Amino acid sequence: MAVAIATSATFGSQAAFAADEPQATDADTAFGEITVTARKREESLLKTPIAISALTSADLEKRGITSINDVVAATPGINVSNVNSGRNDRSFQQISLRGMTPSTTTSTLTASFIDGVPVASATALNAVIDPARIEVLKGPQNAYFGRNAFAGAINVVTKQPGDDFGGSFTAMGGTRSNYEVSAAIEAPLVRDLLSFRLTGKAFSKDGSYRNAANRNQLLGDQQTRTGTLQVVLKPSSSLTVNAMGMYSEDRDGPSAQGMLSAYEIRANNGAVNIPFLSNSNAGTVIVPNMSNCNISGFTTGVAATEARVSRPFICGAAPALAAGFSPAQNTVEDALLGRILGNGTSRAVSADEGVAGYGLKRKYYHLHMNVDYELGDTGLTLSSLTGYNNEFYSQLADLDNYDSSLLRNPAATTANGLRTFWTFPFLVERRNKDISQELRLTYDNGGAFKGMLGASYLKTEVTSDLVSVANEEQFGTARAASSLSPPGKAITWGVFGSASYELTDALTINAEARFQRDKIFAFAGGRGLTISPTIAAQYGLTAGTFAPLSSFFDRSYDNFLPRVIVNYDVTPDVMVYATFSQAANVSIGSFNTAFLSGTANEVAAAQAIGLEVVTQPEKLNNYEVGVKGKFLDGRLLVSASAYLADWSNQYNNRTNIFVDPATKVAAIVSGVANSGKTQLKGFELDINAEPLDGFTINASGSINDSDIKSFADPSISKLTGLIGADFNGNQLPLTSKYSANFGAQYTGDLAEDMTWFVRGDLSYKSKQFVDAGNLTWIKGRTQVNARMGFTRGDFSLEAFATNLFNNKNYVSVAQNNLLDPSFALAGSAFGYLNVALPELRTVGIKAGYRF
């Protein structure tokens, strides 16, 4: 029910250190009261008329949640995709909330925050150690949280240091060299004035899968180092200053993804042979044919009048990987690769910052400061939230995803030292920087009226590169200036406010709104840009020559984003509510400009798949009703919501991979288009119960249905043969329609100061379609986790097992063009499925001590 966060608590004992955080109290329910800040003020979870899943630090600890993927697996209504760029790593994680999946690897529809301050990416949330709670806000949250909160928002609330010295230490060891060591310490520097909290964590694990191309290597190795420092200053009872700094570093090996190909590839004396094209079975199979159907598609997928082309593909449920063939990646690290990676030319990060071999290197810096000042007895509070994020990652991956070492590189000689076999590694790097400022004035004097007025500013800058290591390894090609992608820049201003009035003791009406202006800038890439009068007239641009990485165009988008909520207390313990809200998504990637810096053939390829330079914001109208309440003297808590949403101007990703006749090398052209409209509807249910003393149950489930009303993507039509109205009524891809979670825990006494517990958690997510054609999907997935242990005084010990029954069903999926030395199929329809592999069963022991 929340985003995953690495924790250092010892069975919830950290709660004792957070004296300034609102804590659970038995007076409210058997579970304690949970306070949330979904509307920029502290409110009881059960009295907040928004669909929210909230987890306390103790909840995270007892469920063993340690990563974003862990929480997504255990949370109904959320999916995450890691493979849309050909790899399954931690460089990006696309969160799909209520079935709304981002269209591109750089787009997000679910905003992420730490203490209400925006962060660069959802991956950054992993760096928070032992938070006070996590709030997952479902449905549009633009009115309060601004840009990117289209489908919802995730807010991680940190623990403030207490007034006394304290701390904790935990250590975990498990299978596959899995270990985690974490510590937290806090103390007052000046009692009642200045206090601090310092945390740190080191984590490492080996991957679950052996590389079929290198049996000595595991795929999926991960390593993380994280530290945070939080300082709280309280010079008076009316003024609080909370400042936090965070550093996180990931160093991962090659990622764990598998390949399911619709075509067989053979190596015939070093040359590539594709039997589908050659009608010959000569050579050794290096990629087996997994197809089970032939689909009558189109030549290009642009128009229904095109000629039909029959192609093999994988229909229905994706099969298991072919043993001995996948997962496989060629990951040779030698002096040749070292020279290429040591070259800092045309890169978004320096050579020293980047990876030294295959895998991922990521660093993240975060600073924020929150100031709250109560203006006497007026009921007014003035708040300031200031944030800074600096994140970069460097990732090298073998994007062909199979063992191609038997395919000879004819350009290689002993003299030139080039790679002797064909492979397709790419270096992908990205740096995100942003600075934000929010000011707001809140009024709450305990009366019928509550109000707020605020203003916000957010500046985001992105630089990235896509370096063809393949061309440099195999042909000795000089690095192209176009390896530097066009930068991204967005400046967002917002004015927002809310008014809440209790019409009666039971009936309250809430009106909220934000006016937002997003200014998006378009840039030339590393090659520079010349816009001809013809292109300028076609796309509404200014003709001229522009220097590399310079801005040549900008546009402002104005949006008014309201939300109206009416809530009614049926009884003092039960509330019902109804909501209407509107949302808009303006992406930093709202312009498709990269192809303008390309060759004439790249421009033509972009036009062939219908890319425009300027896109329009995605829009959403959302209608929602819900009920929240506690029953049976607080032993039963229930939250339920139902929603209906209309999503228009939907972004759809479009990609064209081809061999450019001008350069004789493979080129990739991609972008987004406003070519979709979908109606979404769903039902969500959360139940927490304590039927017996010491025995607790949490059960949750969701139905997230989607109904495509219009859709257009030439690459999907080209493969599936569906076009126009053929997609109507289908479901959106990469999301589960049905999902559920069930957990049960029993806690008992062993001695006066000693307790024991046993807990089990089951999570289920139904199948996910690969694309809007709904012809192919990955199977549903059920995972069971178990934990048991005891606590004696300040010491705790537990044993755990995750993925107890070793479920191997895929976590997410994407389809890609099949790559080989001839690139004969690269320009054809999608040729293989790229599947994200789950972490296999892990068992271990964890010990903790608090002081």
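Rules and cut-offs
Residues numbered from 1 in each chain as written. Predicted model: local features only at pLDDT ≥ 70, side-chain atom pairs only at ≥ 80, totals over all residues. Heavy atoms only, no water. Helix = DSSP H or I, 4+ residues; strand = E, 2+ residues; numbered from the N terminus. Rg over C-alpha atoms; globule rule 2.2 N^0.38 Å. Buried < 20%, exposed > 50% of the residue type's maximum accessible area, 1.4 Å probe, protein only. Contact = heavy atoms within 4.5 Å. Areas by Shrake-Rupley, 256 points an atom, 1.4 Å probe, with all protein chains shown as cover. Lys, Arg positive; Asp, Glu negative; His and termini not counted. Charge placed at Lys NZ, Arg CZ, Asp CG, Glu CD. Arc of directions from axis to C-beta. Pairing = 2+ DSSP bridges. Disulfide = S-S within 2.5 Å. Phe/Tyr/Trp six-rings, centres within 6.5 Å; stacked < 30°, edge-to-face > 60°. Axes fitted to C-alpha atoms, helices over the stretch in contact; angles between N-to-C directions. Salt bridge = Lys/Arg side-chain N within 4 Å of Asp/Glu carboxyl O. Polar contact = N/O pair within 3.5 Å; in protein donor to acceptor, adjacent residues only side chain to side chain. Patch = residues over 30% accessible without salt bridge, like charges linked within 9 Å, V, L, I, M, F, W, Y side chains within 5 Å. pLDDT = per-residue confidence, 0-100.

## Considerations on the overall build of the protein chain
At step 1: Within the protein chain, the secondary structure is distributed over nine helices and 46 strands.
At step 2: Here the C-alpha radius of gyration of the protein chain, 27 Å, is about what a compact globule of 851 residues would show, namely 29 Å.
At step 3: For the protein chain, the residues scored as buried account for 59% of the 851 residues in total.
At step 4: In the protein chain, the proportion of contacts linking residues at least 24 apart, taken out of those at least 6 apart, comes to 70%.
At step 5: Approximately 31000 Å² of the protein chain is accessible, and the part contributed by carbon and sulfur atoms is 57%.
At step 6: Distance between charge centres in the protein chain, computed from 69 positive and 77 negative side chains, equals 6 Å.

## Here we look at helix H8 (residues 600–608)
At step 1: Listed as buried for H8 are Glu-602, Val-603, Ala-605 and Ala-606. One face of H8 carries all of its buried residues, which in axial projection span an arc of 160 degrees.

## Overview of unusual backbone geometry
At step 1: The omega torsion across Ser-326 and Pro-327 is 5 degrees, close enough to zero to call that bond cis.
At step 2: Phi is positive for Asp-115, close to 55 degrees, though the residue is something other than glycine.
At step 3: With a relative accessible area of 12%, Asp-115 lands in the buried category.
At step 4: Even without glycine at this site, Leu-632 takes up a positive phi of about 55 degrees.
At step 5: As for its position among the elements, Leu-632 is in the loop between strand S34 (618–631) and strand S35 (636–660).

## Concerning the pairing of strand S28 (residues 488–502)
At step 1: Note that strand S27 (residues 449–467) and S28 share 14 bridges and pair antiparallel. Residue pairing in the sheet places Ser-456 in a bridge with Gly-494 of S28.
At step 2: Where S28 meets strand S29 (residues 507–523), 14 bridges bridge the pair, whose relative direction is antiparallel. Pairing of Tyr-501 across the sheet is with Ile-509, part of S29.

## Thoughts on the sheet that holds strand S7 (residues 117–118)
At step 1: Strand order in this open sheet of five strands is S3-S8-S9-S6-S7, and the pairing throughout is mixed. Strands at the two margins of the open sheet, each flanked by one partner only, are strand S3 (52–56) and S7.

## Let's talk about the pairing of strand S16 (residues 239–252)
At step 1: In this sheet, S16 lies alongside strand S15 (residues 222–236) in antiparallel orientation, the contact comprising eleven bridges. Across the sheet, Leu-233 pairs through a bridge with Val-241, a residue of S16.
At step 2: Hairpin connection from S15 to S16: two residues lie between these consecutive antiparallel strands.
At step 3: Pairing of S16 with strand S24 (residues 359–374), which is carried by 14 bridges, proceeds in the antiparallel orientation. Looking across to S24, one finds that Arg-251 is bridged to Lys-361.

## Notes on the state of the cysteines
At step 1: A full pass over the atoms with the stated rule returns one disulfide.
At step 2: Disulfide pairing places Cys-293 opposite Cys-315 at an S-S distance of 1.9 Å. On the sign convention where negative means left-handed, the S-S torsion of about 75 degrees between Cys-293 and Cys-315 marks this disulfide as right-handed. Remark: Cys-315 occurs in the loop between strand S22 (308–313) and strand S23 (316–317) and Cys-293 occurs in strand S21 (residues 293–298); sequence separation between them is 22 residues.
At step 3: Of the residues examined, Cys-315 reaches a relative accessible area of 23% and is grouped as partly exposed.

## Focus: the packing of aromatic side chains
At step 1: Taken as a whole and judged by the stated rule, the model has 20 aromatic pairs.
At step 2: Each ring, one from Phe-150 and one from Trp-647, has its centre 5.9 Å from the other, and the planes form 55 degrees; the classification is tilted. Taken together, the residues Phe-150 in the loop between helix H3 (142–145) and strand S9 (152–157) and Trp-647 in strand S35 connect sequence positions 497 residues apart. In this pair, the class of Phe-150 matches that of Trp-647, namely buried.
At step 3: Through successive ring pairs, a cluster of aromatic residues spans Tyr-402, Trp-422, Phe-424, Phe-426 and Phe-823.

## Concerning the sheet that holds strand S19 (residues 271–273)
At step 1: As summarised here, the arrangement of the three strands in space is S19-S18-S20, forming an open sheet in which the pairing is antiparallel. Two strands close off the open sheet at either side, each with one partner strand: S19 and strand S20 (284–287). Neighbour-to-neighbour, the strand axes of the sheet open up by a mean angle of 40 degrees, direction not taken into account.
At step 2: The pairing of strand S18 (residues 265–268) with S20 spans three bridges and is classified as antiparallel. Note that in S20 the partner of Ile-265 across the bridge is Val-287.

## Some thoughts on the pattern of salt bridges
At step 1: Within this structure, the stated rule accounts for 41 salt bridges.
At step 2: With a shortest N-O distance of 2.7 Å, Glu-186 and Arg-197 are connected by a salt bridge. On the criterion of sequence distance, the pair formed by Glu-186 in strand S11 (residues 178–190) and Arg-197 in strand S12 (residues 194–205) is long-range, its members being eleven residues apart.
At step 3: A residue is classified by how much of its surface remains accessible, and Glu-186, at 1% relative accessible area, is buried.
At step 4: Among the charged side chains, a network of salt bridges with common partners joins Arg-90, Asp-250, Asp-252, Arg-362 and Glu-391.

## Observations regarding the side chain of Asn-389
At step 1: Topologically, Asn-389 is positioned in strand S25 (residues 380–398).
At step 2: Engagement of the side chain of Asn-389 in a polar contact is seen with the backbone oxygen of Pro-118, the distance being 2.9 Å.
At step 3: Reaching out from Asn-389, the side chain makes a polar contact with the side chain of Tyr-364 at a distance of 2.4 Å.
At step 4: Leave out the neighbours within four places in its chain, and Asn-389 touches Pro-118, Val-119, Ala-120, Tyr-364, Tyr-365, His-366, Asn-432, Lys-433 and Asp-434.

## Some words on the environment of Pro-118
At step 1: Checked against the element boundaries, Pro-118 lands in strand S7.
At step 2: It is 8.6 Å that separates the C-alpha atoms of Pro-118 and Tyr-388, two residues lying 270 residues apart in sequence.

## Side note on a nonpolar patch on the surface
At step 1: There is a patch of nonpolar side chains on the surface, built from Phe-449, Tyr-501, Leu-503, Ile-509, Val-564 and Val-566 and spanning about 490 Å² of accessible area.
At step 2: Here Leu-503 is to be found in the loop between S28 and S29.

## Describing the confidence of the model for the protein chain
At step 1: Mean pLDDT for the protein chain: 91, with 95% of residues reaching 70 or above.
At step 2: Below a pLDDT of 50 lies the segment residues 1–28, which in the model reaches 123 contacts outside its immediate sequence neighbourhood of four places, other chains included.

## A word on the environment of Ala-836
At step 1: Mapped onto the fold, Ala-836 is located in strand S45 (residues 832–836).
At step 2: Considered as a pair, Ala-836 and Asn-88 are 748 residues apart in the sequence and their alpha carbons are 5.7 Å apart.

## Examining the side chain of Gln-141
At step 1: Note on placement: Gln-141 falls in the loop between strand S8 (133–138) and H3.
At step 2: Relative accessible area serves as the criterion here: at 1%, Gln-141 is assigned to the buried category.
At step 3: Within polar-contact distance, the side chain of Gln-141 engages the backbone oxygen of Gly-139 at 3.1 Å.
At step 4: Residue contacts for Gln-141: discarding those within four places in its chain leaves Ile-50, Gly-146, Ala-149, Gly-152, Ala-153 and Arg-563.

## Re the environment of Ser-551
At step 1: Considering the arrangement of structural elements, one finds Ser-551 in strand S32 (residues 551–571).
At step 2: Taking the relative accessible area as the measure of exposure, Ser-551 reaches 36% and is therefore partly exposed.
At step 3: Residues Ser-551 and Pro-486, 65 residues apart in the sequence, show an inter-C-alpha distance of 9.1 Å.
At step 4: Leave out the neighbours within four places in its chain, and Ser-551 touches Phe-521, Ala-522 and Phe-523.
At step 5: A polar side-chain atom of Ser-551 sits 3.2 Å from the main-chain carbonyl oxygen of Ala-522.

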